[in-house]
Every structure is written in C-alpha cells, then in structure tokens.
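Single-letter residue listing:
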Amino acid sequence: MDKQHKISILKGYIEDCNKCDISKIVTNKVAGKGSLNASILVIGIGPGCQEDIEGECFVGPSGKLLTDSLENIGFDIEDIYFTNLVSCRPTSDTIKDRDPTQSEITNCKLRLWTEIKTISPKYIIALGELVSQTLLKTEEGIGRLIGSVHDRVWPEIEQIKIFCVYHPSFVLRKPKSKDIWTEQLRSIYDIINKRTNS
C-alpha cells in the first residue's frame, strides 16, 4: 500500500473517530498536510479556531508565524509535513482553546503513530512543552529540552532526531521571545543542512 493510500485511509479514520467528547462539537476534524516524502515532520498541539473552521492545520496566526519563519530561515516548505498531537480543537464551554487532556492525546496516539510511520521522516520539530514531553516520554520542562538533539526510536521506524522549540502561540503571546525562537529554528536548520550536505 503506497503512502497516499495510507493517508487517505487515515483521513477517513479521523473523520469517523468519536472517541473524545470534543469530536462531537468541533466544526472540522483536522488531518495533517504536506509532502508525504518529507524529511521533516512538524508536530503541534492541536487545531485552533481558524483550523477548526477551515479544516486545515497550521492556517491560523500561529501556523502563519511558523511557516513564514521557516521559509525566511531557508527551510523548504515542500519538504515538510505538518500535523498535531490531536485532530480536534481542544475546547470547552469555559475555555475556547486549551491543551488537550492526556485522555485526548491517548485517543489520538494511533493516528499520530500511523502518520509518523507513514511519512517516516528523518527529523521531527516538536512545538512546545506538551508535544516535546509526549514524544520524548519525559516530564522535563521545555527550557531543558531546547538546544539538544534527541534520538527517538519507534517500532518499525528508524531512529528519528527530535528538536524541541517554543510553540509559536507562546511567541505571539510574548513577542520578546521571537528572536530566541527564531534562533532555535535557525539552529535546527543549520544542523539539518550540515547533516544533509556532509
């Protein structure tokens, strides 16, 4: 079965999934997007308001900041696949946007694992503390995880290098952190470029 067929099946699975209560109240369930042969996989937390409306990931303010920054640094967007920990916008009656619960993350694990296995990237860029902790199975804070290259091995997948950075929504809330965040991304670009060209 080729990658396109696997991703098509996965999108159908996402549409039919109703394991979480939030799946019943969202406008759209949001699948990943990008090159199926990408060497880089970017993983965010979950869809926001704009993503929920449009049914496409990374189209809101955070996604625009991220893609613009990656392109400005020199990343080839055509060589990146984008997805999230969860496919439904984490929301509630009292909180418009929140972090997904551990139960919601667990319910989406098979979907995420299938995406990682299908895309089979060489590198993952984990956006923010929750994503980083989930992928690395650690309770270490984001401050300790940034700046290192983390190795992760999943069954049936070759070793993947994971880089941890601030989530772009954090940068939008704290504009003074943008320079530091940009340097985090530029450092990742330099490391990947060096490995690719060596």
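It should be emphasised that the depicted structure is a prediction, and the values quoted were computed from it without experimental measurement.

Criteria and thresholds
Residues numbered from 1 in each chain as written. Predicted model: local features only at pLDDT ≥ 70, side-chain atom pairs only at ≥ 80, totals over all residues. Heavy atoms only, no water. Pairing = 2+ DSSP bridges. Helix = DSSP H or I, 4+ residues; strand = E, 2+ residues; numbered from the N terminus. Contact = heavy atoms within 4.5 Å. Axes fitted to C-alpha atoms, helices over the stretch in contact; angles between N-to-C directions. Buried < 20%, exposed > 50% of the residue type's maximum accessible area, 1.4 Å probe, protein only. Phe/Tyr/Trp six-rings, centres within 6.5 Å; stacked < 30°, edge-to-face > 60°. Salt bridge = Lys/Arg side-chain N within 4 Å of Asp/Glu carboxyl O.

1. Some words on the sheet that holds strand β3 (residues 80-84)
Sheet strands associate in pairs through backbone hydrogen bonding, adopting either a parallel or an antiparallel arrangement.
Here is step 1 of the chain: Spatially, β1-β3-β2-β4-β6-β5 is the arrangement adopted by the six strands of the open sheet, whose pairing is mixed. Edge positions in the sheet fall to β1 (33-34) and β5 (150-152), since each of these pairs with one other strand and no more.
Here is step 2 of the chain: For β1 and β3, the ladder comprises two bridges, and the chain directions are antiparallel. Its bridge partner being in β3, K33 is matched across the sheet by F82.
Here is step 3 of the chain: Docked against the sheet, helix α3 (residues 61-73) engages β2 (40-44), β3 and β4 (123-127), running at close to 155° with respect to β3.

2. Description of helix α5 (residues 109-119)
Within an α-helix, residues lying three or four positions from one another point in the same direction, as the helix has 3.6 residues per turn.
Here is step 1 of the chain: Within the sequence span of α5, burial applies to R111, L112, E115, I116, T118 and I119.
Here is step 2 of the chain: Of the surrounding elements, those touching the buried residues of α5 are α1 (3-16), β2, β3, β4, α6 (129-136) and β6 (160-165).

3. Focus on the packing of aromatic side chains
Here is step 1 of the chain: Inspection of the entire model under this criterion finds four aromatic pairs.
Here is step 2 of the chain: Aromatic side chains F58 and F82 sit 5.3 Å apart centroid to centroid with 50° between the ring planes, which places their arrangement in the tilted category. A residue pair is termed long-range when its members are at least 10 positions apart, and F58 in the loop between α2 (49-54) and α3 and F82 in strand β3 qualify at 24 residues. Each member of the pair F58 and F82 is classed as buried.

4. Thoughts on the pattern of salt bridges
Here is step 1 of the chain: With the rule as written, the count across this model stands at eight salt bridges.
Here is step 2 of the chain: Residues E140 and R144 are paired through a salt bridge, measuring 3.6 Å at the closest nitrogen-oxygen approach.
Here is step 3 of the chain: Assessed through its relative accessible area of 36%, E140 is described here as partly exposed.
Here is step 4 of the chain: Overall, the relative accessible area of 66% leaves R144 in the exposed class.

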